[in-house]
Amino acid sequence: MPFERNQGKESEMINLITWLVVGGVIGWIASLIMKTDAQQGIFLNIVVGIVGAALAGFLISPLIGVPSINDNVFSLGAMLISLLGAILLLAIVRLVRGRTVS
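Given the structure is predicted, the values throughout are model-derived calculations rather than measurements.

Novice: Looking at this structure, I do not really get the overall build of the protein. What am I missing?
Specialist: Of regular secondary structure, the protein possesses four helices and zero strands. Secondary structure elements in the protein, listed N-terminal to C-terminal, are α-α-α-α. The contacts of the protein with a sequence gap of at least 6 include a subset with a gap of at least 24, amounting to 55%. Total accessible area computed for the protein in this model is approximately 6,600 Å², and 70% of it derives from carbon and sulfur atoms.

Novice: What am I meant to see in the confidence of the model for the protein here?
Specialist: Detail in the predicted coordinates should be disregarded across regions flagged by low pLDDT. Confidence in the prediction for the protein averages 83 pLDDT; 88% of positions are at 70 or higher. Helix 4 (residues 76-97) holds the highest mean pLDDT among the elements of the protein, 90, whereas helix 1 (residues 2-33) holds the lowest, 78.

Novice: Whenever I open this one, the environment of Asn 15 confuses me. Can you help?
Specialist: Within the secondary structure layout, Asn 15 lies in helix 1. Each C-alpha atom, one on Asn 15 and one on Asn 72, is 8.2 Å from the other, the two residues being 57 residues apart in sequence.

Novice: Hey, could you run me through the packing of helix 2 (residues 42-59) against helix 4 in this one?
Specialist: Helix-helix packing: each pair is described by the crossing angle between the helix axes and the interaxial distance. Their axes nearest at 7 Å, the elements helix 2 and helix 4 cross at an angle of 105°. Classified by the angle between their axes, helix 2 and helix 4 sit roughly perpendicular to one another. Within the contact between the two elements, helix 2 uses Val 48, Gly 49, Val 51, Gly 52, Ala 53, Leu 55, Ala 56 and Leu 59 and helix 4 uses Ile 81, Ser 82, Gly 85, Ala 86, Leu 88, Leu 89, Leu 90 and Ile 92.

Parameters and conventions
Residues numbered from 1 in each chain as written. Predicted model: local features only at pLDDT ≥ 70, side-chain atom pairs only at ≥ 80, totals over all residues. Heavy atoms only, no water. Helix = DSSP H or I, 4+ residues; strand = E, 2+ residues; numbered from the N terminus. Contact = heavy atoms within 4.5 Å. Areas by Shrake-Rupley, 256 points an atom, 1.4 Å probe, with all protein chains shown as cover. pLDDT = per-residue confidence, 0-100. Axes fitted to C-alpha atoms, helices over the stretch in contact; angles between N-to-C directions. Parallel < 35°, antiparallel > 145°, perpendicular 65-115°, else oblique.

This is how it looks when you write it as structure tokens:
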């Protein structure tokens, strides 16, 4: 039975690593689209991807009915919704800083 307990922890760790990697890629793509890549490092890309996915989960997902990556769904639709949320987050940050969104 100890093997079963370890298998659950390993699965959770793999999910966490996948979530961080996918969040980082989504944040990086969003930063390329919004032209903020030179200002961001890998850590900020991960944060933008994950927080953007959360924002999309609250705002965009209920309207469209497609979950974000924060709902443990790694489909193309979830990736696109999360990317939209990350782009929206960067646009909001840019507006708060006083720059125009181009």
